[in-house]
Amino acid sequence: MMKRTVLSLLSATLLLGATVSHANSPAYVDSKEYKALLDASRFAGNPSSAAATLLHDVSARLSTLGFDKSIDGSFSAGDRDTLAYYDTPHSCSLMNRGYSVRTRAGDHSDIQFKFRHPDEELSYWTDVSGAGKNKDTKLETDVTPGNLVLAHSTEQDATTTPTTVSALIKQFPGASVLSDISSAGLLPVAGVTVTQQEYDGPESDIGESVAGFTLTLWYVNGASTPALAELSFRVEADSDNYFTTPVMTRSQLLNTAIGSIGNGWNIANDGGKTSWLYAYRSSAYPNGFCN
């Protein structure tokens, strides 16, 4: 299947610009990612065993919801990376304007500039362009059990870590909207780095698309036990059928299931990984990074 990419849509807009009206064209997302935070302590001992139990309980929950498909496969350890998010300490100017910056090293080596907003067109038309090599720009729908935002981002090869907003703008011209705070310094959010371990493998045929599941564990500053756990599944768009009604109906049922697994898996947090990190209180920022 071929996705409708932001790049192809922008190219089409430019090509047709002389003959169409100046109104913004509709936004089309590349994928939808549904996610729910879990009780991380369940993975402190044997993450692989806990992942198998999790998958069993999710399947059981889907059965009670009348899901007409199944989840096939099992979790196995996948990509492992070290992450750091950057913002202005005590003010969080980027987050307050809807932006985030993330570096990644390990199985991947890149830097990402992202804008998130509930309005699809606003997110789509907000410039997140990069100036680096191997750029990948995409628009995704991020869905938690009780929230939905559109995430427009560009990933590119990592060169140097930006220590100021001015340095960020040089790497991502789309960040020029932040020029009024160009001299502000950027530091790791919460003063920490995160080791991210992913487990993937399970899939569910949901009609015209496939839901691929990922279990993500975050270990803060090299800790031996995870501080955060997230279960998610991604559904890619199809260039011909986009997202059909059966695909979306089944996706919503899967979303309900991962948000209400039962057996003590879910926690009362609907903000996602980035929001969790911004709220994290470390020894460096005992009152919070934004305070």
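Refer to the structure above for everything that follows.
In this text the structure is predicted, and so the values were computed from the model without any measurement. (Residues numbered from 1 in each chain as written. Predicted model: local features only at pLDDT ≥ 70, side-chain atom pairs only at ≥ 80, totals over all residues. Heavy atoms only, no water.)

**Quick word on the overall build of the chain**
So, step 1. Along the backbone of the chain there are seven helices and 10 strands.
So, step 2. Taking 19 Å as the expected radius of gyration for a compact globule of 291 residues, we find that the chain reaches 20 Å, a close match to that expectation.
So, step 3. Expressed as lengths along the three principal axes of its C-alpha atoms, the size of the chain is roughly 55 × 50 × 30 Å.
So, step 4. Summed over all atoms, the accessible surface of the chain reaches about 13,300 Å², with 50% contributed by carbon and sulfur.
So, step 5. In the chain, 21 side chains carry a positive charge and 31 a negative one; their mean positions are 4 Å apart. (Helix = DSSP H or I, 4+ residues; strand = E, 2+ residues; numbered from the N terminus. Rg over C-alpha atoms; globule rule 2.2 N^0.38 Å. Areas by Shrake-Rupley, 256 points an atom, 1.4 Å probe, with all protein chains shown as cover. Lys, Arg positive; Asp, Glu negative; His and termini not counted. Charge placed at Lys NZ, Arg CZ, Asp CG, Glu CD.)

**A closer look at the state of the cysteines**
So, step 1. Applying the stated rule across the entire model yields one disulfide.
So, step 2. With its sulfur 2.0 Å from that of its partner, Cys 92 forms a disulfide with Cys 290. Since a negative S-S torsion denotes a left-handed disulfide, the Cys 92-Cys 290 link at about -95° is left-handed. Here Cys 92 is found in the loop between strand E2 (76-87) and helix H3 (93-96), whereas its partner Cys 290 is found in the segment after helix H7 (272-279), with 198 residues between them in sequence.
So, step 3. Given the relative accessible area of 23%, Cys 290 is considered partly exposed. (Disulfide = S-S within 2.5 Å. Buried < 20%, exposed > 50% of the residue type's maximum accessible area, 1.4 Å probe, protein only.)

**Points about the nonpolar core**
So, step 1. One finds Leu 38, Phe 43, Leu 54, Phe 213, Leu 215 and Leu 231 to be the most contacted residues of the largest nonpolar core, which totals 40 residues.
So, step 2. Of all elements in the fold, only strand E1 (31-38), helix H2 (47-64), strand E5 (136-144), strand E9 (210-220), strand E10 (228-236) and helix H6 (245-259) reach the threshold of two or more residues within this core.
So, step 3. For this core, the element with the highest residue contribution is H2, accounting for six residues. (Core = buried A, V, L, I, M, F, W, Y, C linked by side-chain atoms within 4.5 Å.)

**Comments concerning the packing of aromatic side chains**
One pair of aromatic rings is described through two measures. These are the centre distance and the angle between the planes.
So, step 1. Under the counting rule described, the total for this entry stands at 13 aromatic pairs.
So, step 2. Both rings, one in Tyr 99 and one in Phe 113, keep their centres 5.2 Å apart while their planes meet at 5°; by these two values the pair is stacked. Highlighted residues: Tyr 99 in strand E3 (residues 99-106) and Phe 113 in strand E4 (residues 110-117), separated in sequence by 14 residues.
So, step 3. Classification of Tyr 99 by relative accessible area gives buried; the value is 8%.
So, step 4. On the accessibility criterion, Phe 113 (0% relative accessible area) is buried.
So, step 5. Taking the centre distance of 5.0 Å and the plane angle of 55° together, the rings of Tyr 99 and Phe 115 count as tilted. With a gap of 16 residues between them, Tyr 99 in strand E3 and Phe 115 in strand E4 connect regions that are remote in the sequence. Side by side, Tyr 99 and Phe 115 carry an identical accessibility label, which is buried. (Phe/Tyr/Trp six-rings, centres within 6.5 Å; stacked < 30°, edge-to-face > 60°.)

Purely geometric stuff here, so don't read any function into it on its own.
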